[in-house]
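Chain by chain, the residues run as shown.
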Amino acid sequence: GINAEYGKQWYQRRVRGVLNYYTNYYYKSNLRMATEARAVALPVRKVIIHPVVLFNIVDNYERRHDNNKRVIGSLLGRYDKGVVIVTESFAVPHQETEEEVSMDMEYAMRIGELQKKVNTNMYTVGWYSSGIVINEYSSLIHAFYKCQCPTPVHLTIDTVMKDQKMKINTHITLPIGVKNGTEGCIFTPVPYSIHGAEAEQVSLKFFQQLRGAKKTPNFNDQEQIITSCDDMISQINIVLTHIKKGVSG
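These numbers were taken from a predicted model, which means no experiment stands behind them.

What follows covers the overall build of the protein chain. When you go through the protein chain residue by residue, the secondary structure sums to seven helices and ten strands. Considering the protein chain as a whole, with its 249 residues, one finds that 36% of them fall into the buried category. A sequence separation of at least 24 residues applies to 65% of the contacts in the protein chain between residues at least 6 apart. Summing over all exposed atoms, the protein chain offers an accessible surface of approximately 16,100 Å²; the carbon and sulfur share of this is 55%.

On to the side chain of N60, then. Its location among the elements puts N60 in helix α3 (residues 51–62). Judged by its relative accessible area of 15%, N60 falls in the buried class. With sequence-adjacent residues up to four places away left out, N60 is seen in contact with V71, I72, A91 and Y128.

The predicted model of the protein chain has a mean per-residue pLDDT of 77, with 71% of residues at 70 or higher. Contacts for the low-pLDDT stretch residues 20–41, under 50 throughout, to residues beyond four places or in other chains number 29 contacts.

In this structure the tally under the stated criterion is three aromatic pairs. Where W127 meets Y145, the ring centres are 6.1 Å apart and the plane angle is 10°; that geometry is what we call stacked. Remark: Y145 occurs in helix α5 (residues 136–146) and W127 occurs in strand β6 (residues 123–130); sequence separation between them is 18 residues. Overall, Y145 belongs to the buried group, its relative accessible area being 0%. Where F144 meets Y145, the ring centres are 5.0 Å apart and the plane angle is 75°; that geometry is what we call edge-to-face. Like F144, the residue Y145 is buried in the burial classification. The positively charged end of R64 is found above the aromatic ring belonging to Y61, 3.9 Å away from the centroid.

Residue placement: D158 occurs in the loop between β7 (153–157) and β8 (168–177). Engagement of the side chain of D158 in a polar contact is seen with the backbone nitrogen of V160, the distance being 3.2 Å. Excluding anything up to four places from it in sequence, D158 contacts G131, I132, K165, M166 and K167.

On to the environment of I132. Position of I132 among the secondary structure elements: in the loop between β6 and α5. A residue is classified by how much of its surface remains accessible, and I132, at 38% relative accessible area, is partly exposed. In the structure, I132 is positioned 25 residues away from I157 in sequence and 6.1 Å away in space, judged by C-alpha atoms. Among all residues touching I132, those that are not within four sequence positions of it are T156, D158, K167 and N169.

Criteria and thresholds
Residues numbered from 1 in each chain as written. Predicted model: local features only at pLDDT ≥ 70, side-chain atom pairs only at ≥ 80, totals over all residues. Heavy atoms only, no water. Helix = DSSP H or I, 4+ residues; strand = E, 2+ residues; numbered from the N terminus. Buried < 20%, exposed > 50% of the residue type's maximum accessible area, 1.4 Å probe, protein only. Contact = heavy atoms within 4.5 Å. Areas by Shrake-Rupley, 256 points an atom, 1.4 Å probe, with all protein chains shown as cover. pLDDT = per-residue confidence, 0-100. Phe/Tyr/Trp six-rings, centres within 6.5 Å; stacked < 30°, edge-to-face > 60°. Lys NZ or Arg CZ within 6 Å of the ring centre and 35° of its normal. Polar contact = N/O pair within 3.5 Å; in protein donor to acceptor, adjacent residues only side chain to side chain.

Below, the structure written as structure tokens:
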């Protein structure tokens, strides 16, 4: 009882100390990027998720170690007038038990820096975890990501797919507590939508066609080009129909 509670409090203080260390390191080595991110937008009204992010999370979950009940990783994207657009993600090694949690924070920062070099308009905008449960360890992990972006988004995805549905939630945190006293945060849901580029839409339609299929068909490049052209012609016809209606009054 008492020893267990003391050990838990000691561990949480230790984790916060490590987070503070990496916070200082991050701001010293990445001050320009942090300043740019803060200058874009602080409030988050909505989250737009690209389909490739969901595929990455599911793939990470399927490849996880048998001892890991869930997987976590960083979300990459950009801010646009209160809207967070999540375009990429990558897994972050971590270990989690009922007594403690640990994650490779240096790995998360290094990979984030490399992604920034590849695309200067891409920032770390939050993190994800498989499963829909938010616990006390989620708060500790979220505190680390607050060091990297002004308002990190926490994306949870039900990879177990209860009731044959993949439940998705997006959250941000709001501070709670008493000034100069006990402080904490609460996870608050924010609306989201899934939106992909044209190439992603073609892939999604292909996977939808395979729903319930016992055997995966083999499509060559020519068939894929024909399918894409048919979709494009269909979209053009829709646009022409609207134009004709507008001209005719």
